[in-house]
Amino acid sequence: MVGLRIEDYERQVLAALCSDTLPNSTLFAALNHPRNISLKFDGASYFLGLEHPELPETRIVCDKPEIAGTFQEREIGFVAFLEGRCLTLECYAKDSHGIPESIRDGVVSVSAT
């Protein structure tokens, strides 16, 4: 997708989830100079993918600390995956209402629990 960017809350969440897994220099490079950015919505969640050659090939799940978020009074959660030199952030709804595609244009608040 042309013109995709990483939102501030996504940077905050990825830094919190991946700081114990990735060296600071690799995390900084992936967040600030990704080779490619992808975005996929599936109704219940969305996936933001950042490709960078310094990221690991092997699959690693980054789900600690637990990050809680809110968007338009909806509770959301986050998990990050590393695999194939791609860092993927999943943002998912904690209820049955799903994630609207407008979430990335709105105000999202996050906190570690």
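Residues numbered from 1 in each chain as written. Predicted model: local features only at pLDDT ≥ 70, side-chain atom pairs only at ≥ 80, totals over all residues. Heavy atoms only, no water.

Digging into helix 1 (residues 8-18)
Three or four residues apart is the spacing at which side chains of an α-helix point the same way, because the helix has 3.6 residues per turn.
Logical step 1: Of the residues making up helix 1, those classed as buried are Tyr-9, Glu-10, Val-13, Leu-14, Leu-17 and Cys-18. Seen from one end, helix 1 has its buried residues packed into an arc of 140 degrees, which puts them on one side. (Buried < 20%, exposed > 50% of the residue type's maximum accessible area, 1.4 Å probe, protein only. Helix = DSSP H or I, 4+ residues; strand = E, 2+ residues; numbered from the N terminus. Arc of directions from axis to C-beta.)

With respect to the nonpolar core
Logical step 1: Counting residues in each nonpolar core, the largest one holds 31 residues, and the members touching the most others are Leu-17, Cys-18, Phe-78, Leu-87 and Ile-103.
Logical step 2: When residues of this core are assigned to their parent elements, the largest contribution, five residues, is made by helix 1.
Logical step 3: Among residues more than four places away in sequence, those in contact with Ile-103 are Tyr-9, Phe-41, Tyr-46, Phe-71, Ile-76, Cys-91 and Val-108. (Core = buried A, V, L, I, M, F, W, Y, C linked by side-chain atoms within 4.5 Å. Contact = heavy atoms within 4.5 Å.)

Section: the pairing of strand 2 (residues 45-51)
Logical step 1: Here strand 2 lies mainly inside the structure; five of its seven residues are buried.
Logical step 2: By the bridge criterion, six bridges tie strand 1 (residues 36-41) to strand 2 in an arrangement that is antiparallel. In the strand pairing of strand 2, Asn-36 is matched with Glu-51.
Logical step 3: Counting the residues in the hairpin turn of strand 1 and strand 2 gives three residues, including Gly-43, whose phi is positive at 100 degrees.
Logical step 4: Pairing geometry for strand 2 and strand 6 (residues 86-93), over seven bridges, is antiparallel. Each bridged residue has a counterpart across the sheet, and for Phe-47 the counterpart in strand 6 is Glu-90. (Pairing = 2+ DSSP bridges.)

The quantities given are spatial measurements derived from coordinates; they are silent on function.
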